[in-house]
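# Report on the structure
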Amino acid sequence: MAKPTESPASRKLHLALAPLGVGGPGQDGLWKDPRVAKNASVDIGYYIRLAKLAEGGLFDAFFVVDSQFINASYPSHYLNRLEPLTLLSAVATHTTSIGLVATASSTYNSPFNLARRVASLDHISGGRAGWNVVTSFDSQVSKNFGLDQHLDYATRYGRALEFVEVARGLWDSYEDDAFPADVERGIFLDPAKLHALDHDGEHFKVAGPLNLARSRQGQPVIFQSGVSEDGRNLAARIAEGIYAPGGALDESVAYYADVKQRAAALGRDPRHVVIFNSASPVVAATDEQARARSREIFEEDNDFDRKLAFLGRAFGAYDFSQHDLDAPFPDLTHLTERGGRRGADLVRQATDNRWTLRQTVEAVSQYKPGPFTGSPETVADALQHWWQTRAADGFNLHFRLTEDVEYFIGAVVPILQQRGIFRTEYEADTLRGNLGLPFPVSRHAREQQLVDA
Ligand SMILES: Cc1cc2nc3c(=O)[nH]c(=O)nc-3n(C[C@H](O)[C@H](O)[C@H](O)COP(=O)(O)O)c2cc1C
């Protein structure tokens, strides 16, 4: 692995906030809480308030996850939510410094349209946009886009790589000084600084140019989520930020080292791949109170039928209720080939342990307090420890209530600041600047510099 060249003091912790409105996975009872507005997930005011709060806490990004398939068993927030780029465009006009990251699928979009929409957000926000490239977890999405089957892994990830390459090509359609807008000489555009893409690849044929110039941060920041072999290779090639699942500390350390090493092997600076782990802190005045709250949260959602229904998500929204709960876990390997790794892992675990369906549901959903449960001091210690052992460069945080975000910002963030690992003011007003990523010089300007040299 290429040695990081930064001094330890220059490495900073990064924080993002992922809003989950009336309740994401594992928060199924949240909508019942009187403090949660029943329309939170479709109320732009909710998102604006939360983004402003996160900006007050100096978070790097407001990070919106997304999907394009549901059935009635999905978490409440997923059932009825706003499209990320649309909602972030509104949030952009009420914030000034926080990054705005939208999840969008490379499997079920076309590069010209999506490149234009993400670049528009980048302009609207003054250079704060990011795009979280996903290949879509829910295999049934295909049916919303005229396909009987989800694309297979190799095709999805091949398409994702080419998609990002095309988007980046389109984002460089104009050089930064393409518009002299010189009234005296009557020159609005310098046509020599406009470049068509003329891309003709395996998955896409896109002529370009894009009808939108580069933004203040040059190009939107590319994030990626997906942890398979193909996902890691894609990340190493294109990701500037990663949304990683988190999990156990040793797994996260291994994933971090692996992805940074893959990026370095491709000649990239591993510091320019900023890894955010998913984390759901439960913070209270004392460790004991936080542990009790964590148990309470688990019990609120501890409903067997709901857990059985949600298990189906990893198998293409499969209906497990048709099986005998006390018979061996059904062999559904064929349903996992195109979905995420989770389904295949579950089949393997259930087979190895000879679990019945009931035992599988109980085993995978048993109570395990998260690593970020405790008093503000304990949670700050844990975040710092994960960051210092290079399990993550930062965290994409999930909370339940707006009050929980407020508490974290008021109680945990100051401890991280006192320890010198989290910023006390924004370094920049672009997402790229705050993540410590270099400004991407336009490929055409770069070529010209090489010719001139
Ligand atoms: C932490 C994490 C977050 C993800 N978020 C989304 C999401 O918001 N929407 C989506 O459609 N897929 C999401 N995915 C799914 C991935 O894009 C990918 O399709 C899936 O994980 C299968 O690929 P993999 O085996 O490489 O992980 C996420 C995956 C991970 C690991």
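Refer to the structure above for everything that follows.
Residues numbered from 1 in each chain as written. Predicted model: local features only at pLDDT ≥ 70, side-chain atom pairs only at ≥ 80, totals over all residues. Heavy atoms only, no water.

### A word on the packing of helix α4 (residues 111–124) against helix α5 (residues 153–171)
Following both chains from N to C, one finds α4 and α5 inclined at 55°, their axes separated by 9 Å at the closest point. In terms of axis orientation, α4 runs oblique to α5. Note that α4 runs across α5; the crossing there is right-handed. Only Phe-163, Val-166, Ala-167, Leu-170 and Trp-171 of α5 make contact with α4, whose side of the interface consists of Pro-111, Phe-112, Leu-114, Ala-115, Val-118 and Ala-119. A breakdown of the residues in the contact of α4 with α5 according to their chemical character gives eleven nonpolar, no polar and no charged. (Axes fitted to C-alpha atoms, helices over the stretch in contact; angles between N-to-C directions. Helix = DSSP H or I, 4+ residues; strand = E, 2+ residues; numbered from the N terminus. Parallel < 35°, antiparallel > 145°, perpendicular 65-115°, else oblique. Left-handed = near helix turned anticlockwise from the far one by under 90°. Contact = heavy atoms within 4.5 Å. Nonpolar A, V, L, I, M, F, W, Y, C, P; charged D, E, K, R; others polar.)

### Description of the site of the ligand
Around the ligand, 19 residues are found, and the nearest of them are Asp-66, Thr-135, Tyr-153, Tyr-157 and Ser-228. Within the backbone of Val-227, a nitrogen or oxygen atom sits 2.8 Å from an oxygen atom of the ligand. Contact distances for the ligand include 2.5 Å between an oxygen atom and a side-chain N or O atom of Ser-228. Protein contacts shield 89% of the accessible area of the ligand, which totals 600 Å² for the unbound molecule. At the level of elements, α5 and β8 (241–244) are the ones that each hand at least two residues to the shell around the ligand. If one sorts the elements of the shell around the ligand by residue count, α5 sits on top with three residues. Here the residues of the shell around the ligand are counted per class, giving nine nonpolar, seven polar and three charged. (Near = heavy atom within 4 Å. Polar contact = N/O pair within 3.5 Å; in protein donor to acceptor, adjacent residues only side chain to side chain. Areas by Shrake-Rupley, 256 points an atom, 1.4 Å probe, with all protein chains shown as cover.)

### A short note on unusual backbone geometry
With an omega dihedral of 0°, the bond running from Gly-208 to Pro-209 counts as a cis peptide bond. Residue position: Pro-209 is located in the loop between β6 (205–206) and β7 (221–224). Its identity is not glycine, yet Arg-390 carries a phi of approximately 55°, on the positive side.

### Regarding the nonpolar core
Counting 76 residues, the largest nonpolar core has Phe-59, Phe-62, Trp-131, Phe-395 and Phe-408 as the members making the most contacts within it. Broken down by element, this core gets its largest block of residues, ten residues, from α5. (Core = buried A, V, L, I, M, F, W, Y, C linked by side-chain atoms within 4.5 Å. Buried < 20%, exposed > 50% of the residue type's maximum accessible area, 1.4 Å probe, protein only.)

### With respect to the pairing of β8
In β8, alternate side chains face the same way, and those of Gly-241 and Tyr-243 on one face and Ile-242 and Ala-244 on the other are all buried. The sheet contact formed by β7 and β8 spans two bridges and is parallel. Paired with Phe-223 across the strands is Gly-241, a residue of β8. As defined by bridge partners, β8 adjoins strand β9 (residues 274–279) across four bridges and the pair is classed as parallel. Looking across to β9, one finds that Ala-244 is bridged to Asn-277. (Pairing = 2+ DSSP bridges.)

### Some points on the pairing of strand β12 (residues 394–397)
Of the two faces of β12, the one holding Gly-394 and Asn-396 and the one holding Phe-395 and Leu-397 are both buried throughout. Pairing of strand β1 (residues 14–17) with β12 involves four bridges; the strand directions are parallel. Note on β12: the bridge partner recorded for Leu-15 is Phe-395. The sheet contact formed by β9 and β12 spans four bridges and is parallel. Note on β12: the bridge partner recorded for Ser-278 is Asn-396.

### Brief notes about the packing of aromatic side chains
How two aromatic rings sit relative to each other is set out by the distance from centre to centre and by the angle between their planes. This model, assessed by the stated rule, comprises 22 aromatic pairs. Here the aromatic rings of Phe-315 and Phe-320 are separated by 5.4 Å at their centres, their planes lie at 85°, and the arrangement is edge-to-face. Each member of the pair Phe-315 and Phe-320 is classed as buried. Between the aromatic rings of Phe-372 and Phe-395, the centroid separation amounts to 5.3 Å while the plane-to-plane angle is 70°, which identifies the pairing as edge-to-face. Pair noted here: Phe-372 is in the loop between α11 (357–364) and β11 (373–374) and Phe-395 is in strand β12, with a separation of 23 residues, a long-range link. The buried category is assigned to Phe-372, whose relative accessible area is 4%. Exposure remark for Phe-395: the relative accessible area of 0% places this residue in the buried category. (Phe/Tyr/Trp six-rings, centres within 6.5 Å; stacked < 30°, edge-to-face > 60°.)

### A short note on the pattern of salt bridges
This structure, assessed with the given rule, holds 30 salt bridges. Among the salt bridges present, the one from Asp-33 reaches Arg-35, with a minimum N-O distance of 2.9 Å. Overall, Asp-33 belongs to the buried group, its relative accessible area being 16%. The salt bridge involving Arg-232 is made with Asp-258; its shortest N-O contact spans 2.7 Å. Of the two residues, Arg-232 sits in helix α6 (residues 229–238) while Asp-258 sits in helix α7 (residues 249–265), which places them 26 residues apart along the sequence. What you see here is one network of salt bridges that share partners, running through Asp-172, Asp-176, Arg-214 and Arg-443. (Salt bridge = Lys/Arg side-chain N within 4 Å of Asp/Glu carboxyl O.)

### A closer look at helix α9 (residues 304–311)
Along α9, the positions that sit buried rather than exposed are Arg-306, Lys-307, Leu-308 and Leu-311. Turning to α9, the residues buried within the fold contact α10 (341–353) and α11.

### Focus: the sheet that holds β9
Strands sit in the order β1-β2-β3-β4-β7-β8-β9-β12 around a closed barrel of eight strands; the barrel is parallel. Strand after strand, the sheet turns through a mean of 30° between neighbouring axes, direction not considered. Lying on the sheet, helix α3 (residues 84–92) is in contact with β2 (61–64) and β3 (99–105); it crosses β3 at an angle near 170°. Against the sheet, α7 engages β8 and β9, with an angle of about 155° to β9.

Nothing here speaks to function; it is geometry throughout.
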